[in-house]
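A look at the structure
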Amino acid sequence: EVYRRERARLEPFVDTVRDLAKELGIDLEAAVDPGMREKQQIKDATDFAAQHFQQRLWDPAIGHHAREYLRSRGLTDDLMRSFGLGWAPVAWTDLADRLREQGLLAFGEKAGLVSPRSKGDGFYDMFRGRVMIPIRSPEGRTIAFGGRLLEGDEGPKYLNSKESRLYNKSEVLYATDQARDEIRKKKSAVLCEGYFDAIG
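Residues numbered from 1 in each chain as written. Predicted model: local features only at pLDDT ≥ 70, side-chain atom pairs only at ≥ 80, totals over all residues. Heavy atoms only, no water.

1. A look at the pattern of salt bridges
Applying the stated criterion to the full structure yields twelve salt bridges. The salt bridge partner of R56 is D94, with a shortest N-O separation of 2.8 Å. In this pair, R56 sits in helix 2 (residues 34–58) while D94 sits in helix 5 (residues 94–102), placing the two residues 38 residues apart along the sequence. Each member of the pair, R56 together with D94, is buried. The residue R71 makes a salt bridge to D77 at a minimum N-O spacing of 3.0 Å. Judged by relative accessible area, R71 falls into the partly exposed class, the value being 34%. For D77, a relative accessible area of 30% puts it in the partly exposed group. Through salt bridges with shared partners, a single ionic network connects E38, K110 and R165. (Salt bridge = Lys/Arg side-chain N within 4 Å of Asp/Glu carboxyl O. Helix = DSSP H or I, 4+ residues; strand = E, 2+ residues; numbered from the N terminus. Buried < 20%, exposed > 50% of the residue type's maximum accessible area, 1.4 Å probe, protein only.)

This is how it looks when you write it as structure tokens:
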């Protein structure tokens, strides 16, 4: 238990060192065990997906309906950007095709972003026709997603990422990355039921 807690405490520092090494072109992965390498690749797929969903939201044509919906909920463009909101169009392979191009498809599957087709080859997107809400670590790194159904009628109103090497839902409180400085200052927090309640 002590080892688990200490490892969890050091993990954000290790993630930061890895990110800096990657920016500088230093290969730290050569000396890392395969489990850590896999975790980093899942992070890469999740980061890529977050950028992809944001790009789709802000595309003038593709994200128009989603932006209008979010504005109808009282969100400004600044709030949408601050919380990293995105859009997953009603398309079976929009994200899967992009992950394949980046060589991240297998890790997108491990992150719960895509799933193999039951018949034939290929993968399909798990999130379709949904406003995408990044679930971030307290340090601000996207580790999972919540998707609010907006178009189409497949699945539940809200769909969350499956648990992975990055994401354990019982250990994450949504929007902690945005609220932690104020929580420290005020020594109190307001807990809300839903994503949009927390954003509001």
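2. Overview of the packing of aromatic side chains
Taken as a whole and judged by the stated rule, the model has five aromatic pairs. Arranged with centres 6.4 Å apart and planes meeting at 80 degrees, the rings of Y69 and F196 form a pair that is edge-to-face. With Y69 in helix 3 (residues 64–72) and F196 in helix 8 (residues 195–199), this pair connects stretches of sequence that are 127 residues apart. Each residue in the set Y158, Y174 and Y195 is aromatic and connected to the rest through ring pairs, giving one cluster. It is R81 that lies over the ring of W58; its NZ or CZ is 3.8 Å from the centre. (Phe/Tyr/Trp six-rings, centres within 6.5 Å; stacked < 30°, edge-to-face > 60°. Lys NZ or Arg CZ within 6 Å of the ring centre and 35° of its normal.)

3. Some details on the environment of V90
Mapped onto the secondary structure, V90 falls in the loop between strand 1 (86–88) and helix 5. Exposure remark for V90: the relative accessible area of 52% places this residue in the exposed category. In this structure the C-alpha to C-alpha distance between V90 and D19, which are 71 residues apart in sequence, comes to 32 Å. For V90, the contacting residues outside a window of four places in its chain are R128, G129 and E151. (Contact = heavy atoms within 4.5 Å.)

4. With respect to the pairing of strand 5 (residues 142–149)
Along strand 5, eight of the eight residues are buried, which leaves the element largely enclosed by surrounding structure. In terms of strand pairing, strand 4 (residues 130–136) meets strand 5 through seven bridges, oriented antiparallel. Bridge pairing in strand 5 links I135 to A144. Following strand 4, the chain reverses through five residues before pairing antiparallel with strand 5; G140 in that reversal takes a positive phi of roughly 100 degrees. With three bridges joining them, strand 5 and strand 6 (residues 158–160) adopt antiparallel strand pairing. The residue of strand 6 that forms the bridge with R148 is Y158. (Pairing = 2+ DSSP bridges.)

5. Topic: the pairing of strand 4
Taking burial as the measure, the seven residues of strand 4 include seven buried ones, the bulk of the element. Across the two faces of strand 4 the burial is the same, with R130, M132, P134 and R136 and V131, I133 and I135 all buried. Here strand 1 pairs with strand 4 via three bridges, running antiparallel. Counterpart to A88 in the pairing with strand 4 is R130.

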